[in-house]
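Structural overview
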Amino acid sequence: MIAVLKSGESKKCFEKVKKVIRDADYDIHVSKGVEKTIIGLVGDRDNREDLRDKLLTFDCVEKVILILDPYKLVGWDFKPKKTVIDLGDGVKIGGEELTVMAGPCSVESREQIIKTAQIVKKGGASILRGGAFKPRTSPYSFQGLGEVGLKYLAEAREKTGLKIVTELMDLEHIDLLREYTDIIQIGARNMQNYPLLKAVGKLDKAVMLKRGMSATIKEWLLAAEYIMSEGNQQVILCERGIRSFGEETRNTLDLSSIPLVKQQSHLPIIVDPSHGTGRWQLVTSMARAAVAGGADGLMVEVHPEPEKALSDGPQSLKPENFQLLMEEVAVIHQSLKRFKKRERMKKH
Ligand code: PEP
Ligand code: MN
């Protein structure tokens, strides 16, 4: 349920409304826009209609909407304006510009991550990716450098000014990641790890939620709802392909998820064509397609020497190919601006 307050509502009335909601045993999430204040009421109770009627008696309440969608906070009703995540220093996700996160699958050494950071910075990326805790299919594969890897990432950030995104796999590392990273990545394998989602939901830190390997859009958005319902509104969605029957690609990159998510949610969506295809030869085409489809950004694996990578070498771009990708997607993104007005018209 959502309560929309009249513009310029009095503080006194606002406080009274909040008390009534709390007394009815609902959690409160407030979205303050320039013109309106929206209160999201979270909880599934039988007293919805009674509470709605009570709220409508207040002067400052313009309307109350009973939301039938399974998600409340990730939907447009709660926040009619698109979420833009501001990481500082001009780095934003969900704004006018395309945001590119790039780097190796895993942090392998100090030299490797610093060199890759310089390469992706030169190409125009604003965020460095790199796993320090790696979810590998085999327990015998390289598992990441752990905290040492985080230290190397932090050093790369210092040297280049890039922001950092890295994966959290385990609750026990949450404080460590909070200290080191700008964005916490929740990987595909953990999309429905609810204790992990609730824990990052309590942080004041951007979270990038990758789509689970076999997750529907609804399950994915509900996973985002878990994070938001704990208070953290800085959520980024990342389409990274889903399991299908084809053997030619590692996953099937579901580009239709971009407009589907945009129809249903104000959250930014970025696309990872590296895990989405598993083959570097396909990455640039899919990156172009993702940008043309309206993605807010890309996550791309880049390695100075993919043949020596300790993980995901076959899907990692060489520096010169990353440079080309960046030039190409910039042209597409620029030409898309012409369609912005039409997109808005279609929405309403
Ligand atoms: C990754 O980005 O390093 C990764 C493991 O991706 P995913 O969770 O999408 O498989
Ligand atoms: Mn990888």
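Keep in mind that this is a model prediction, so the values were computed, not measured. (Residues numbered from 1 in each chain as written. Chains lettered and ligands numbered in written order. Predicted model: local features only at pLDDT ≥ 70, side-chain atom pairs only at ≥ 80, totals over all residues. Heavy atoms only, no water.)

1. What to know about the layout of surface pockets
The gaps left among the atoms become clear once a water-sized probe is rolled over them. A volume near 300 Å³ is recorded for the second largest pocket. In terms of lining, the second largest pocket is formed by Ser31, Lys32, Gly33, Val34, Glu35, Lys36, Ile38, Lys79, Pro80, Lys81 and Lys82. (1 Å grid on protein atoms, 1.4 Å probe; cavity = no way out; pocket = protein on both sides within 12 Å on 5 of 7 lines; lining within 4 Å. Points joined across faces, edges and corners; volume = space filled by probe spheres on them.)

2. Some details on the coordination of the manganese ion (ligand 2)
When four donors bind a metal tetrahedrally, each ideal donor-metal-donor angle is 109.5 degrees, and when six bind octahedrally, the ideal angles are 90 or 180 degrees. Here the manganese ion (ligand 2) is held by the protein donor atoms Cys105 (SG), His275 (NE2), Glu301 (OE) and Asp312 (OD), which lie 2.0 to 2.3 Å from it. Here the donor residues of the manganese ion (ligand 2) are spaced in sequence according to C-x169-H-x25-E-x10-D. On the criterion of sequence distance, the pair formed by His275 in helix α9 (residues 273-277) and Asp312 in the loop between β14 (297-301) and α11 (319-336) is long-range, its members being 37 residues apart. For the pair formed by His275 and Asp312, the shared burial category is buried. (Donors = N, O, S within 2.8 Å, 3.2 Å for Na, K, Ca; no water. Helix = DSSP H or I, 4+ residues; strand = E, 2+ residues; numbered from the N terminus. Buried < 20%, exposed > 50% of the residue type's maximum accessible area, 1.4 Å probe, protein only.)

3. A short note on the packing of helix α6 (residues 194-201) against helix α7 (residues 217-229)
Put simply, α6 and α7 touch, their axes get as near as 6 Å, and they point 45° apart. If you check the angle between α6 and α7, you find them oblique. As α6 runs across α7, the sense of the crossing is right-handed. Each of Tyr194, Leu197, Lys198, Val200 and Gly201 in α6 lies in contact with α7, whose residues at this interface are Ala223, Tyr226 and Ile227. (Axes fitted to C-alpha atoms, helices over the stretch in contact; angles between N-to-C directions. Parallel < 35°, antiparallel > 145°, perpendicular 65-115°, else oblique. Left-handed = near helix turned anticlockwise from the far one by under 90°. Contact = heavy atoms within 4.5 Å.)

4. Some words on the sheet that holds strand β12 (residues 235-239)
Here 8 strands make up a closed barrel; going around it, the order is β7-β8-β9-β10-β11-β12-β13-β14 and the pairing parallel. Strand after strand, the sheet turns through a mean of 25° between neighbouring axes, direction not considered. Taken together, the 4 bridges between strand β10 (residues 183-186) and strand β11 (residues 206-210) define a ladder with parallel strand orientation. Considered in β11, the bridge of Ile184 is made with Val207. Those strands touched by helix α8 (residues 257-264) are β12 and β13 (269-271), and its axis lies near 170° from that of β13. (Pairing = 2+ DSSP bridges.)

5. A look at the packing of aromatic side chains
Scanning the entire structure with this criterion turns up 1 aromatic pair. Summarising the aromatic geometry, the rings of Tyr194 and Tyr226 are spaced 4.3 Å apart at their centres and angled 25° between planes, so their arrangement reads as stacked. One end of the pair, Tyr194, is in helix α6; the other, Tyr226, is in helix α7, with 32 residues separating them in the sequence. You can call Tyr194 partly exposed: its relative accessible area is 30%. A cation over an aromatic ring shows up here: Lys18 above the ring of Phe14, its NZ or CZ 4.6 Å from the ring centre. (Phe/Tyr/Trp six-rings, centres within 6.5 Å; stacked < 30°, edge-to-face > 60°. Lys NZ or Arg CZ within 6 Å of the ring centre and 35° of its normal.)

6. Observations concerning the environment of Asn232
Here Asn232 is to be found in the loop between α7 and β12. Not counting residues within four places of it along the chain, the set of residues in contact with Asn232 comprises Val200, Gly201, Leu203, Lys205, Val207 and Ile227. A distance of 2.9 Å separates a polar side-chain atom of Asn232 from the backbone nitrogen of Gln234. (Polar contact = N/O pair within 3.5 Å; in protein donor to acceptor, adjacent residues only side chain to side chain.)

7. Description of the domain arrangement of the chain
Domain parsing of the chain yields domain 1 (2-65) and domain 2 (85-343). Each of domain 1 and domain 2 was reduced to a C-alpha centroid, and the two centroids are 36 Å apart. (Domains from an automatic or database assignment.)

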